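Letter by letter, the chains look like this.
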Amino acid sequence: MYNNFLGEKPPCLSRNPKPMEIMDWISEMEMVFESYNYSDKQKTVFTVRQLKTGVLSWWKLLADTMPQGEALKISWEAFMEQLKMQYCSKIDQINLNNEFKNLKKGKMSIDDYATAITEKMKLFPYLVPTELTKIEKFANGLPSDFGLTVKMESTLKATIRATKNVETLLKQKGLERNECGKPGHYDNECTLKKKVCYGCNEEGHLLRDCPMKKEAARPNVPPKPKARAFQMTLEATKDAADVASVANSYLLAIALGISSST
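What counts, and at which threshold
Residues numbered from 1 in each chain as written. Predicted model: local features only at pLDDT ≥ 70, side-chain atom pairs only at ≥ 80, totals over all residues. Heavy atoms only, no water. Core = buried A, V, L, I, M, F, W, Y, C linked by side-chain atoms within 4.5 Å. Buried < 20%, exposed > 50% of the residue type's maximum accessible area, 1.4 Å probe, protein only. Helix = DSSP H or I, 4+ residues; strand = E, 2+ residues; numbered from the N terminus. Contact = heavy atoms within 4.5 Å. Phe/Tyr/Trp six-rings, centres within 6.5 Å; stacked < 30°, edge-to-face > 60°. Lys NZ or Arg CZ within 6 Å of the ring centre and 35° of its normal. Axes fitted to C-alpha atoms, helices over the stretch in contact; angles between N-to-C directions. Parallel < 35°, antiparallel > 145°, perpendicular 65-115°, else oblique. Left-handed = near helix turned anticlockwise from the far one by under 90°. Nonpolar A, V, L, I, M, F, W, Y, C, P; charged D, E, K, R; others polar. Patch = residues over 30% accessible without salt bridge, like charges linked within 9 Å, V, L, I, M, F, W, Y side chains within 5 Å. Areas by Shrake-Rupley, 256 points an atom, 1.4 Å probe, with all protein chains shown as cover. Salt bridge = Lys/Arg side-chain N within 4 Å of Asp/Glu carboxyl O. Lys, Arg positive; Asp, Glu negative; His and termini not counted. Charge placed at Lys NZ, Arg CZ, Asp CG, Glu CD. pLDDT = per-residue confidence, 0-100.

Asker: I'm lost on the nonpolar core in this one. Help?
Answerer: Side chains of nonpolar character tend, in soluble globular proteins, to be buried together. One finds Trp25, Trp58, Trp59, Phe79 and Leu83 to be the most contacted residues of the largest nonpolar core, which totals 24 residues. Elements that contribute at least two residues to this core include exactly helix H2 (19-33), helix H3 (40-48), helix H4 (55-64) and helix H5 (76-87). If you tally residues by element for this core, the top one is H2, at 6 residues. Ignoring any residue separated from it by four or fewer positions in sequence, one finds tryptophan 25 in contact with Pro11, Cys12, Leu13, Thr47, Gln50, Leu51, Phe79 and Leu83.

Below is the structure:
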């Protein structure tokens, strides 16, 4: 029987696992046990052999608190409770429970959403005890785009398949949910994806990079004269000053001549 157990490639548990890792590991082990009719004692004995460094040390300490040989006689349910008490507190379980209740598709693909929700369904089977409640939970996490048609299937697998068909149809029509996550438009209308400027309404850039905005912000300063032109202006001024000086001297000489003759 142990060879059959190993043939299912059961997962190991080691080091210091997080609460979600504990819940996932338990879920995977229970799937392994579904393959064959294992007794409670076999489940515990086989499971203990999958414990490695860290978790194995915890198990040995727990076994030391019991009479010799009694640890391997506890039921699978009792083993799980001890494991949860050590690595997954009541608060952790409540938080995981709330995560499952609030799980939505969001920006995930249908494949990713289906994987996430089915894994958590295994952790909290009492929340979705029937196929109908599983379908209801899955459908309630979908955007309104998918409509009520996905709820008309009789199994969760058929519901997921129908939802993937709707997702493909929405993508073909360009009506899948927009990347920005804001309501009121679809992906093919999303201005953030197209990079539409709200200043000039042109595509290809955003408002912060708008060339018209940069042009308007530039101060209206007259251009500075070139150095050569400034030099010519100085030379012209100097020449004019020299001419004026010669003219003044000439007029002064004439004036003095007239004055001496009289």
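Asker: I keep staring at the packing of aromatic side chains and nothing clicks. Help me out?
Answerer: Given two aromatic rings, their pairing is described by the distance between the two centres and the angle made by the two planes. Inspection of the entire model under this criterion finds 17 aromatic pairs. A ring pair is formed by tryptophan 76 and phenylalanine 79, whose centres lie 5.8 Å apart and whose planes are at 20 degrees; its orientation type is stacked. A residue pair is termed a helical-turn pair when its members lie 3 or 4 positions apart in one helix, as tryptophan 76 and phenylalanine 79 do in helix H5 at 3 residues. On the basis of relative accessible area, tryptophan 76 is assigned to the buried category, the value being 2%. Site record: aromatic cluster; members linked through ring pairs are Tyr2, Phe5, Phe33, Tyr36, Tyr38, Phe46, Trp58, Trp59, Trp76, Phe79 and Tyr87. For the cation-ring pair, arginine 49 lies above tyrosine 2, with the distance from its terminal atom to the ring centre recorded as 4.6 Å. One residue, lysine 137, lies across the ring of phenylalanine 100, its end atom 5.1 Å from the ring centre.

Asker: Looking at this model, I keep getting lost on the environment of phenylalanine 46. Mind explaining?
Answerer: The residue phenylalanine 46 is located in helix H3 in this model. Using a relative accessible area of 7% as the deciding quantity, one classes phenylalanine 46 as buried. With 41 residues separating them in the primary sequence, phenylalanine 46 and phenylalanine 5 have C-alpha atoms 7.7 Å apart. Dropping the residues within four chain positions of it, phenylalanine 46 is found in contact with Met1, Tyr2, Phe5 and Tyr38.

Asker: Looking at this structure, how should I read the packing of helix H8 (residues 131-140) against helix H9 (residues 156-172)?
Answerer: Two quantities define a packed helix pair, namely the angle between the helix axes and the distance between the axes. Where H8 meets H9, the axes come as close as 9 Å, and the angle between the chain directions of the two elements is 25 degrees. Taken as axis vectors, H8 and H9 run roughly parallel relative to one another. Remark: the crossing between H8 and H9 carries right-handed chirality. Every residue of H9 that contacts H8 at Glu131, Lys134, Ile135 and Phe138 is listed here: Leu156, Thr159, Ile160 and Thr163. A class-by-class count of the residues in the contact of H8 with H9 yields 4 nonpolar, 2 polar and 2 charged.

Asker: Just checking my understanding: could you explain a negative patch on the surface for this structure?
Answerer: A contiguous patch of negative charge on the surface is contributed by Glu30, Glu34, Asp40, Glu77 and Glu81. For glutamate 81, the location among the structural elements is in helix H5.

Asker: Help me out: how do you make sense of the pattern of salt bridges in this one?
Answerer: A side chain with one charge may pair with a side chain of the opposite charge, provided their charged atoms come close. Scanning the entire structure with this criterion turns up 3 salt bridges. Between aspartate 111 and lysine 164 there is a salt bridge, with the nearest N and O atoms lying 3.0 Å from each other. Taken as a pair, aspartate 111 in helix H7 (residues 110-123) and lysine 164 in helix H9 lie far apart in primary sequence, 53 residues in all. On the basis of relative accessibility, which here comes to 42%, the residue aspartate 111 falls in the partly exposed class. According to the relative accessible area criterion, lysine 164 is partly exposed, its value standing at 33%. As a salt-bridge pair, lysine 151 and glutamate 136 come within 3.5 Å of each other at their nearest N and O atoms.

Asker: Got a minute to help me understand the environment of threonine 168 in this structure?
Answerer: Position of threonine 168 relative to the elements: it lies in helix H9. Residues threonine 168 and isoleucine 110, spaced 58 residues apart in sequence, show a C-alpha to C-alpha distance of 9.9 Å.

Asker: Got a minute to help me understand the confidence of the model for the protein in this structure?
Answerer: Of all residues in the protein, 72% have pLDDT values of 70 or greater, and the mean over the chain is 80. In the model of the protein, helix H12 (residues 227-261) stands out as the element of lowest mean pLDDT, 51, in contrast to H4, which has the highest, 96. Note that residues 258-262 has pLDDT below 50 and, in this model, 0 contacts with residues that lie over four places away or in other chains.

Asker: I would appreciate a short explanation of the packing of H2 against H5 in the present structure.
Answerer: Their axes nearest at 10 Å, the elements H2 and H5 cross at an angle of 165 degrees. By the angle class used here, H2 and H5 are roughly antiparallel. Where H2 crosses over H5, the handedness of that crossing is right-handed. Of H5, the residues touching H2 (which contributes Pro19, Ile22, Met23, Trp25, Ile26, Met29, Glu30 and Phe33) are Trp76, Phe79, Met80, Leu83, Lys84 and Tyr87. Looking at the contact of H2 with H5 residue by residue, the class counts come to 12 nonpolar, no polar and 2 charged.

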